[in-house]
Amino acid sequence: MDMLTLDLQFFAGEKTEKATPRKRQESRKKGQVAKSQDVNTAVSLLTVFLSFLFIGTFMRERIMNLLTGIIQDFMLLDLTVNSVQKLFTTLAYETVFILAPIMAIALLAGIIGNYLQVGFLFAPEAIQMKLEKLNPIQGFKRIFSVRALVEFLKSMLKISFIGLVAFAVLWFDMDKILRLSHLTVEQSFAYIGSLVLKMGLFAAAALLFLSLLDYLYQKYDFEKNIRMSKQDIKDEYKKTEGDPLIKSKIKQKQREVAMRRMMQDVPTADVVITNPTHFAIALKYDDDKMDAPIVVAKGVDFVAQKIREVAKANDVIMVENRPLARALYDQVEIGRVVPEEFFKAVAEILAYVYRLKHKV
C-alpha cells in the first residue's frame, strides 16, 4: 500500500501535462517565450543585403566621393588643429551618412523579426538583477549542461553550413576571381561588391533556414520546460477558482442568507399554497401597488415545511391545491409575478382568503 502511494505521488509530481493559459501568461510576463535569436539575426542580415540592391549605388557614390576627397583634398591640408578637426568632422559626418540607412534597416528588421516570434512583449522582470545569476555554482551548471552542449553543436552546425554556402559561391565564381588582375580598378570594385552581395544573400538565406529549424527546437524546448504536473494544475485551479471546500461553504452560506431573507417575507404573504407536504408557495398581492400577485417564498420538502411553520406562526392562511402548487414552484421564481394562465386559479384562492379575513 505504501509503495502504491509513493508511485502515485511520483506520477502526480511528474510534469506531463501541457501548460495552462494562466501558466503561459505568467511565463510571458517573466520574458519566458519561445524565441530564436537566430531568426532576428537572419532577418536583419537578409534585409540589409537586400537593401544593398536599392541603396548600393548611393553608398558606392558616397564612398568614392569620400575617397576622392581624401586623396585630392585632405592630403594637401596643412597639419594644424583646425585642419585635423575639420578632417575628423567630415569623416564622421560622411560615415554616419553612409551607415545610417543600413543601421536603421537592421534595427527595423530586428524589431520585425522579434515581433513575428513573440508579438509585443514588455517584461521588466526579465532584466531585473538577481543574485542567483552571480552564483558561480549555478554558472558552472549552466555552462556544463545539456542545453549548453546543444547550443555548442548548433553553433558549429551554423558555422559549417554557412561557411560551406559561402565557399560554394566563391567556388562557382572562381574563374572570374582569377581574372580580377585583368580588370580596371572600377571594374574590380564593382565585381567585388556584387560578389560580396551574392555571398551575403546566400549566407543570410542559409541562416534563415537554420533559424527556422532553431525556432522549432526552441518552441519544443519551451513547451517542455513549462509543462505542469497534475498537482500543479490542481493548485492553480485552487488559486484561480478557489478551494472547492471553501467554495461549497460560501455557497452554503449564501443559501442560508437567502433562506433567512425568504423566511422573513413569508409573514407578509396573503396565502401559502401547499401540496400539502412536498411544496409550499407563498403569494402576496396588493392591488394598489401590484398588477398581479408575486411569489415571495417557495420551497420543497424541508424548506416547504419551514414555510408552513412560519406561516402558521404568523397566522398566514394555507390553502391546499396540489397541481397549482407544483406548477407555480416549477415555473415562477421568487420575486416574480404569477403568469397569466394561473390568474383565475390564484384569484379564486385569494377571494377565499379575503372572505376568511372579512376583507370583502
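Residues numbered from 1 in each chain as written. Predicted model: local features only at pLDDT ≥ 70, side-chain atom pairs only at ≥ 80, totals over all residues. Heavy atoms only, no water.

Turning to the overall build of the protein, a few remarks are in order. Check the secondary structure of the protein and you find 13 helices and 4 strands. Of all 360 residues assigned to the protein, the portion counted as buried reaches 28%. Contacts in the protein between residues at least 24 apart in sequence constitute 76% of all its contacts with a sequence separation of at least 6. Surface summary for the protein: the accessible area is close to 25,200 Å², and the carbon and sulfur share equals 64%. (Helix = DSSP H or I, 4+ residues; strand = E, 2+ residues; numbered from the N terminus. Buried < 20%, exposed > 50% of the residue type's maximum accessible area, 1.4 Å probe, protein only. Contact = heavy atoms within 4.5 Å. Areas by Shrake-Rupley, 256 points an atom, 1.4 Å probe, with all protein chains shown as cover.)

In this section: unusual backbone geometry. In this structure, D301 is a non-glycine residue whose phi angle is positive, near 55°. Mapped onto the secondary structure, D301 falls in the loop between strand 3 (294-300) and helix 11 (302-313).

To continue, consider the sheet that holds strand 2 (residues 279-284). Across the sheet, which stays open at both edges, the 4 strands sit in the order 3-2-1-4 with mixed pairing between neighbours. Each end of this open sheet is capped by a strand with a single partner; those strands are strand 3 and strand 4 (317-320). With direction set aside, neighbouring strand axes in the sheet form an average angle of 20°. Strands in contact with helix 11 are strand 1 (271-274), strand 2, strand 3 and strand 4; relative to strand 3, the strand with the most contacts, it is inclined by about 125°. (Pairing = 2+ DSSP bridges. Axes fitted to C-alpha atoms, helices over the stretch in contact; angles between N-to-C directions.)

Counting 20 residues, the largest nonpolar core has L283 and L328 as its most contacted members. Of all elements in the fold, only strand 1, strand 2, strand 4, helix 12 (322-331) and helix 13 (343-356) reach the threshold of two or more residues within this core. Once residues within four sequence positions are removed from consideration, L283 is found in contact with A269, D270, V271, I273, I294, V295, L328, V338 and V346. One finds V266, A304, A311 and V316 within the second-largest nonpolar core, a separate group that totals 16 residues. (Core = buried A, V, L, I, M, F, W, Y, C linked by side-chain atoms within 4.5 Å.)

For the pair helix 3 (residues 37-72) and helix 8 (residues 185-225), interaxial distance at closest approach is 7 Å and the crossing angle is 160°. As summarised for this structure, helix 3 and helix 8 are arranged roughly antiparallel, according to the angle between their axes. As helix 3 runs across helix 8, the sense of the crossing is left-handed. Judged by residue contacts, D38, V39, T41, A42, V43, L45, L46, F49, L50, F52, L53 and R60 of helix 3 engage F189, V196, L197, G200, L201, A204, A205, L207, L208, S211, D214 and Y215 from helix 8. Split into classes, the residues belonging to the contact of helix 3 with helix 8 amount to 18 nonpolar, 3 polar and 3 charged. (Parallel < 35°, antiparallel > 145°, perpendicular 65-115°, else oblique. Left-handed = near helix turned anticlockwise from the far one by under 90°. Nonpolar A, V, L, I, M, F, W, Y, C, P; charged D, E, K, R; others polar.)

So, about the UniProt feature "transmembrane region" (unreviewed entry) in the protein. Under the UniProt annotation, the feature "transmembrane region" (unreviewed entry) is placed at residues 39-59, 96-123, 144-172 and 192-217. Taken end to end, residues 192-217 is 100% helix and 0% strand, and its first and last C-alpha atoms sit 37 Å apart. (UniProt positions renumbered as here; feature names shortened; annotations may be inferred.)

With that settled, consider the pairing of strand 3. Extensive coverage of strand 3 is indicated by the burial of 6 of its 7 residues. The pairing of strand 2 with strand 3 spans 6 bridges and is antiparallel. Paired with K284 across the strands is I294, a residue of strand 3.

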